[in-house]
Amino acid sequence: MGIARGGAEHLEPVRRLPDLDDFVGKWVAVKGGHIIAAADTSRALVYEVHKLGAKGKGAVVQFVPPPSDSLMVGVG
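Since the structure is predicted, the reported quantities are computational estimates derived from the model, not experimental observations.

Chemist: Go over the pattern of salt bridges, please, and point to the residues and values.
Modeler: For the structure on display, the rule yields 2 salt bridges. In this structure, the salt-bridge partner of K51 is E48, at a minimum N-O distance of 3.4 Å. Pair noted here: K51 and E48 are both in helix α1 (residues 42–51), with a separation of 3 residues, about one helical turn. Residue K51 is classed as exposed on the basis of its relative accessible area, which comes to 52%. E48 sits in the partly exposed class, given a relative accessible area of 28%.

Next up, the structure:
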C-alpha cells in the first residue's frame, strides 16, 4: 500500500550549466556543478577522466548538443 502524502511537493528542475555553451558538440564530464574534462569523442573523454584519478570518480558524462527549441523527454 502507498503512503499518503499531504500537500503538494515542489521539485526544482535541474538547471543547465551556463558553462556548457562553450562546449557545444563535445562530450563533457561534470562533477559538483563544474566541468572537469571535455573531449571531441566519448572514448577520448573516458581517457581524460581516467587521467584525473580520484578527482574524476563519480563524474557524470554528457554530450552537449547545439541549442534547440525542441522538447526532449528523458527516460531513466
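From this point on, the discussion continues.
Chemist: Go over the nonpolar core with me, naming the residues and quoting the values.
Modeler: In this structure, A29, I36, A37, A39, L45 and V49 together form the largest nonpolar core, which totals 6 residues. Those elements that place two or more of their residues in this core are β2 (34–39) and α1. Ranked by residues supplied to this core, first place goes to β2 with 3 residues. Sequence-distant contacts of V49, defined by excluding residues within four places in its chain, comprise A29, A37 and G56. The next biggest cluster of nonpolar side chains, apart from the first, holds 5 residues, and it includes L20, V28, V30 and V64.

Reading guide: rules and limits
In every chain, residue numbers begin from 1 and rise along the written sequence. Local features in this predicted model are restricted to residues of pLDDT 70 or higher, and side-chain atom pairs are both shown and tallied only at a pLDDT of 80 or more, whereas totals for entire chains, interfaces and linings draw on every residue. Side-chain metrics in this entry use all non-hydrogen atoms of the structure; hydrogen atoms and water are not considered. Put simply, a salt bridge is a Lys or Arg side-chain nitrogen that is within 4 Å of an Asp or Glu carboxyl oxygen. To qualify as a helix, a DSSP run of H or I must reach at least 4 residues; to qualify as a strand, a run of E must reach at least 2; elements of each kind are numbered from the N terminus. The buried label goes to any residue with under 20% of its type's maximum accessible area, the exposed label to any with over 50%, and the partly exposed label to all in between, with areas taken from a 1.4 Å probe on protein chains only. Here, the term nonpolar core denotes a set of buried Ala, Val, Leu, Ile, Met, Phe, Trp, Tyr and Cys residues that are joined through side-chain atoms within 4.5 Å. In this description, contact between two residues means that some pair of their heavy atoms is separated by no more than 4.5 Å.

Purely geometric numbers; function is a separate question.
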